[in-house]
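Examination of the molecular architecture
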Amino acid sequence: MTIDQSEKKVVGITLGLIGLFVFSLLYAKGKYKTDVPVCLPYDKAYTEPKINKLDEKTYQVFSVAAMWQFQPSEIYIPVGSEVDFYLTSKDVVHGFNIAQKNVNMMAVYGAINKTTVKFDKPGVYDIICHEYCGIGHQNMRAQVIVNYPEAR
Amino acid sequence: MESPNEEKFIPKGAMAFFILLVVLALLFWYGIYLLMIDRV
Amino acid sequence: MQVSKSFKQVIFLELAIPVALLIIGIYHGLMQTIYRAGVLHQTSFAKLDYYQGLTLHGVINALVLTTFFAVAFGHVTMAFYFKKEPNRKLMWLSFWLMLSGVLMAAWAMLAGKASVLYTFYPPLKAHPLFYLGAALLIVGSWVPLFDWAVMYNGWKKENQQNKTPLAVLGTLINFIIWFVCTLAVAYEVLVLLIPWSMGWTDTVNVNLARTLFWFFGHALVYFWLLPAYIMFYTILPKIAGGKLYSDLAGRVALFLFLLFSIPVGVHHQYSDPTITQGVKFFHGMLTYGVAIPSFITAFTIAASLEYAGRERGSKGLFGWMVKLPWFDESKYLFAYFISGLILFVFGGVTGIINASYSLNNVVHNTAWMPGHFHMTVAGPVFLGIIAMSLYIYSKLSGKRVFLPKLNTIIPYLWVIGMLIFSFGMSWGGLRGEPRRTNLGTSYLNPDNALFRSDWVPTTLLALLGGIIMFIAAMMFIVIFFGTILSKKKEEGVLEIPVSEAYHDEKRVPLFDRFKPWLVAMIVILLLAYVPALLNVNKNSGPKAPRFNIDNPVPQVSAKK
């Protein structure tokens, strides 16, 4: 079977490109811990909204999405803290997006999602619902307030 | 001027286009990659 | 080729009905850009609410138009290459099943009882007729594959040493992919959703429903794309005045799609719970695999066009790009196809970004996502569909294209509009702008506490692009219906341009038979999806009750 020389080169270059991307993703995962959300088995402990302070710089937020709000809706965090967000839904599928921090999770009934973020810079971070969830969807937003005096 | 099917046609222009396509992919991809790292 | 009246009628209906529905589908595309830019700060306009319109937009443009066309184009391709019409009864059965489904779903959507978007994620509940309509549309589209398989086997008996024509191979592979992937969504709809929406069951496992949907949902985009690829490989080179650079490259690409179109669905669920990072990463790698045939295609089509350009006397490395029939009204298919290819450069590149595992966190469910997929499904797929619909209809009816000069400009106007639209959407998405959201009532309302001034320029760009595309699409509607209403000028025939290959490689049995590839496809599918389904089963908790779009309180009785 004769495969044309140019076509062979094309496949080779494509594989090289893919290799570069895979390497870069693994490198970022190792160095910066960039990853998709963590998988947890269902546990109804996460279905009650909560903010747990584990120590000065470590927090847990049990976020519960419902039509059409996130609870808790205002989360105050000291700057430099690491926060574990646990997420579930009381009803339909919602989104949970903190754009400036790579936080992007789906809130699903009967499931628990989790991600970890470090808030190095003060400011107000919007948590936006980005999955259609009924007539109130466009009003569904919460905020993480990191050492931002004006917002208090 | 001989037409391409009388001498062997080597698609140099298409290969050049393909390389540019790969360069575009690299630019866009690493743009988002660096944005992701910046937001960590 | 001469064809029967029955053939012409069913093809006409399968092409024209979706194009007519496009009037509604594209109207609401424009409306979304108007709402999102904050030109309107309301939940509905002209009796259609935003999310109702969004559902109509997705269902009409991405499910009805694409499925009807794939079936019609498949019939046309099989008939033309085998010089034999498909079974008349089965052609009509398929049509009536699909049309019934569309009518049911259309009623539900227009009545406001199915504002659930084309992905219909539970536990947001639609009227049972919406789901039933979807199921009928799908089942109707299964029928042709079985008839074509019989036609193919008949042809093979007489042609054991001949290569299967590339267009035929593409059609069969496309519908095999479709049949396999729709099994999952048919199960979701018939077993999980309809009984639940009718009140026969009380709860549904949302995680399972999503996973089944996306088993279907990624392969869906290849079901859309492969007819366009068939056009690029087998029609475009001829129209451009050249030859297909390599016939074998096309076959390799098609078989790679057969392997990798379906086992990648979890890349739409990177943000989901219940599925482990390992399974998500595996699907990400397989998705890189499915990018390979598209890169092969990009090069092969470029080489074919370079050949065409050089045939016309072009010089230098890129001169061939200029010497192509860009504005030749007698070769208008070129304009539509090349416009689709230009958009697909950006659509494909952004797709690779979306597939790239952790990079997905930056873009998932933001406006970037529709920015991406309008450069694919509303790029080469849409332009290929409307162009070939016009072409097939005009040939079958013996009518000339209405306003041929205007016709040639439409795709370029579409490209300009789309690039502006997608740039606005992509930029907005990177700024956190969500998709599937009526921004006008809140985020783009200056009087609202949620107002985001940084989304003003991005939504305005999308609006500008949307207006330009709307104009181009309405021009096409005028041309299409103008052609229908014009007088017959010659005998109606079934005719498709067929490209010769420059490298017309000898038949390679491996790339001309299905069995080994089907086996490999199933093995990869099992490797990709058994772990995913086990994950879902292990990590899922309670199942969900029914929720209507306007009420946080679940619906417990069996009211519709």
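Keep in mind that this is a model prediction, so the values were computed, not measured.

On to the overall build of chain C, then. Each helix and strand counted, chain C has 17 helices and four strands in total. For 560 residues, the compact-globule formula gives about 24 Å, and the C-alpha radius of gyration of chain C, at 23 Å, lands near that figure. Dimensions of chain C along its principal axes, counting C-alpha atoms only, are 65 × 50 × 45 Å. Residue burial in chain C is summarised as follows: out of 560 residues, 68% are buried. Contacts in chain C between residues far apart in sequence, at least 24 positions, make up 83% of those at least 6 positions apart. For chain C, the exposed surface amounts to about 18,500 Å²; the carbon and sulfur share of it is 68%.

Moving on: the domain arrangement of chain A. Domain annotation of chain A identifies domain 1 (1-35) and domain 2 (38-151). Taking only C-alpha atoms, the centre of domain 1 of chain A and the centre of domain 2 of chain A are 35 Å apart.

Membership of the largest hydrophobic core comes to 269 residues, with the highest contact counts inside it found for Phe 85 and Val 144 of chain A together with Ile 11, Phe 130, Met 388 and Trp 414 of chain C. Examining the composition of this core, we find that 22 residues originate from one element, helix α2 (residues 50-82) of chain C, more than from any other. Here this core spans two domains, and each of domain 1 (1-35) and domain 2 (38-151) of chain A adds at least three residues to it. Setting aside residues up to four positions removed in sequence, Trp 414 of chain C forms contacts with Ile 26, Leu 343, Ala 378, Phe 382, Leu 383, Met 469, Ala 472 and Ala 473 of chain C. Counting residues in each nonpolar core, the second largest holds six residues, with Ile 128 of chain A together with Leu 439, Leu 444 and Leu 450 of chain C among its members.

The next point concerns the packing of helix α4 (residues 128-158) of chain C against helix α5 (residues 166-198) of chain C. Residue and element names in this part refer to chain C. For the pair α4 and α5, interaxial distance at closest approach is 9 Å and the crossing angle is 150°. Taken as axis vectors, α4 and α5 run roughly antiparallel relative to one another. For the pair α4 and α5, the sense of crossing is left-handed. Among the residues making up the contact of α4 with α5, the classes are represented as 25 nonpolar, four polar and no charged.

Before going further, it helps to spend a moment on the pairing of strand β7 (residues 94-98) of chain A. Residue and element names in this part refer to chain A. Here β7 lies mainly inside the structure; five of its five residues are buried. Covered by surrounding structure in β7 are His 94, Phe 96 and Ile 98 together with Gly 95 and Asn 97, the residues of both alternating faces. By the bridge criterion, five bridges tie β7 to strand β8 (residues 103-107) in an arrangement that is antiparallel. Residue pairing in the sheet places Ile 98 in a bridge with Val 103 of β8. Following β7, the chain reverses through four residues before pairing antiparallel with β8; Asn 102 in that reversal takes a positive phi of roughly 60°.

A separate point is helix α15 (residues 404-430) of chain C. Because an α-helix completes one turn every 3.6 residues, residues spaced three or four positions apart along the sequence face the same direction. Residue and element names in this part refer to chain C. Over its 27 residues, α15 extends 40 Å from the first C-alpha to the last, a length consistent with the 39 Å expected when each residue adds 1.5 Å. The largest bend along α15 reaches roughly 25° and is located at Ile 410, with the proline Pro 411 sitting one to four residues downstream. Phi turns positive one or two residues past the end of α15, at Gly 432, with a value near 90°.

Overall, the predicted model of chain C reaches an average pLDDT of 97, with 99% of residues at or above 70. Both scores are available for the predicted complex, with the pTM at 0.97 and the ipTM at 0.96.

A separate point is the packing of aromatic side chains. All names here are of chain C. With the rule as written, the count across this model stands at 73 aromatic pairs over all chains. When the centroid spacing of 5.8 Å and the interplanar angle of 75° are considered together, the rings of Phe 130 and Tyr 131 count as edge-to-face. Of the two residues examined, Phe 130 and Tyr 131, each falls in the buried class. Between Tyr 332 and Tyr 336 the ring centres are 6.4 Å apart and the planes differ by 80°, which places this aromatic pair in the edge-to-face class. Residue Tyr 332 and its partner Tyr 336 are located together in helix α11 (residues 332-355), separated by four residues, close to a single helical turn. Residues Tyr 332 and Tyr 336 agree in their burial class; the two are buried. Through pairs of rings, three or more aromatic residues link up here, namely Phe 120, Tyr 121, Phe 130, Tyr 131, Trp 148, Phe 175, Trp 178, Phe 213, Trp 214, Phe 216 and Phe 223. When the ring centre of Tyr 121 is taken as origin, the NZ or CZ atom of Arg 210, which lies over that ring, is 4.3 Å away.

For helix α9 (residues 277-311) of chain C, spanning 35 residues, the distance from its first C-alpha to its last is 51 Å, which sits close to the expected 51 Å at 1.5 Å a residue. Positive backbone phi, approximately 95°, marks Gly 313 of chain C, located one or two places after α9 of chain C.

We now examine the interface of chain B and chain C. Many analyses report the size of an interface as the accessible area lost when the parts associate. Between chain B and chain C, the contact holds 27 residues from the first and 31 residues from the second. In total, chain B and chain C occlude about 2,600 Å² of area from one another, counting both sides; carbon and sulfur atoms represent 80% of this. Three residues, Phe 9, Trp 29 and Ile 32 of chain B, lead the burial of chain B against chain C; their summed loss comes to 24% of the area buried on that side. At the junction of chain B with chain C, the criterion picks out five residue pairs in polar contact (both at pLDDT 80 or more). A class-by-class count of the residues in the side of chain B that touches chain C yields 20 nonpolar, three polar and four charged.

As a further point, take the environment of Val 59 of chain C. Structurally, Val 59 of chain C is set in helix α2. In contact with Val 59 of chain C, not counting residues within four places along its chain, are Val 64, Met 109, Tyr 118 and Phe 130 of chain C.

Quick look at the pattern of salt bridges now. Within this structure, the stated rule accounts for 24 salt bridges over all chains. Between Arg 141 of chain A and Asp 126 of chain A there is a salt bridge, with the nearest N and O atoms lying 3.7 Å from each other. Here Asp 126 of chain A lies in strand β10 (residues 123-128) and Arg 141 of chain A lies in strand β11 (residues 141-146), a separation of 15 residues in the sequence. For Arg 141 of chain A, a relative accessible area of 22% corresponds to the partly exposed category. In this structure, Arg 546 of chain C engages Asp 202 of chain C in a salt bridge whose closest nitrogen and oxygen atoms are separated by 3.8 Å.

On to the interface of chain C and chain A. Taken together, the contact pairs 74 residues of chain C with 57 residues of chain A. Where chain C abuts chain A, roughly 5,300 Å² becomes buried across the two surfaces, and 65% of that area is made up of carbon and sulfur atoms. There are two salt bridges connecting chain C and chain A. Across the pair Asp 126 of chain A and Arg 452 of chain C runs a salt bridge whose closest N-O atoms are separated by 3.2 Å. The tally of links between chain C and chain A comes to 25 residue pairs in polar contact (both at pLDDT 80 or more). Mapped by element, the contributors of at least two residues to the side of chain C that touches chain A are α6 (206-234), β3 (244-246), α8 (247-260), α9 and α12 (360-363) of chain C. It is α9 of chain C that contributes the most residues to the side of chain C that touches chain A, 10 residues altogether. When grouped by side-chain class, the residues that make up the side of chain C that touches chain A number 39 nonpolar, 26 polar and nine charged.

Before going further, it helps to spend a moment on the environment of Leu 527 of chain C. Residue and element names in this part refer to chain C. Residue position: Leu 527 is located in helix α17 (residues 515-539). Residue classification places Leu 527 among the exposed residues on the basis of a relative accessible area of 51%. Remark: the alpha-carbon pair of Leu 527 and Leu 145, spanning 382 residues in sequence, is separated by 26 Å.

Calculation rules
Residues numbered from 1 in each chain as written. Chains lettered and ligands numbered in written order. Predicted model: local features only at pLDDT ≥ 70, side-chain atom pairs only at ≥ 80, totals over all residues. Heavy atoms only, no water. Helix = DSSP H or I, 4+ residues; strand = E, 2+ residues; numbered from the N terminus. Rg over C-alpha atoms; globule rule 2.2 N^0.38 Å. Buried < 20%, exposed > 50% of the residue type's maximum accessible area, 1.4 Å probe, protein only. Contact = heavy atoms within 4.5 Å. Areas by Shrake-Rupley, 256 points an atom, 1.4 Å probe, with all protein chains shown as cover. Domains from an automatic or database assignment. Core = buried A, V, L, I, M, F, W, Y, C linked by side-chain atoms within 4.5 Å. Axes fitted to C-alpha atoms, helices over the stretch in contact; angles between N-to-C directions. Parallel < 35°, antiparallel > 145°, perpendicular 65-115°, else oblique. Left-handed = near helix turned anticlockwise from the far one by under 90°. Nonpolar A, V, L, I, M, F, W, Y, C, P; charged D, E, K, R; others polar. Pairing = 2+ DSSP bridges. Expected span 1.5 Å × (residues − 1). Bend = angle between axes of the 7 residues up to and from the residue. pLDDT = per-residue confidence, 0-100. Phe/Tyr/Trp six-rings, centres within 6.5 Å; stacked < 30°, edge-to-face > 60°. Lys NZ or Arg CZ within 6 Å of the ring centre and 35° of its normal. Buried area = accessible area lost by both parts, 1.4 Å probe. Polar contact = N/O pair within 3.5 Å; in protein donor to acceptor, adjacent residues only side chain to side chain. Salt bridge = Lys/Arg side-chain N within 4 Å of Asp/Glu carboxyl O.

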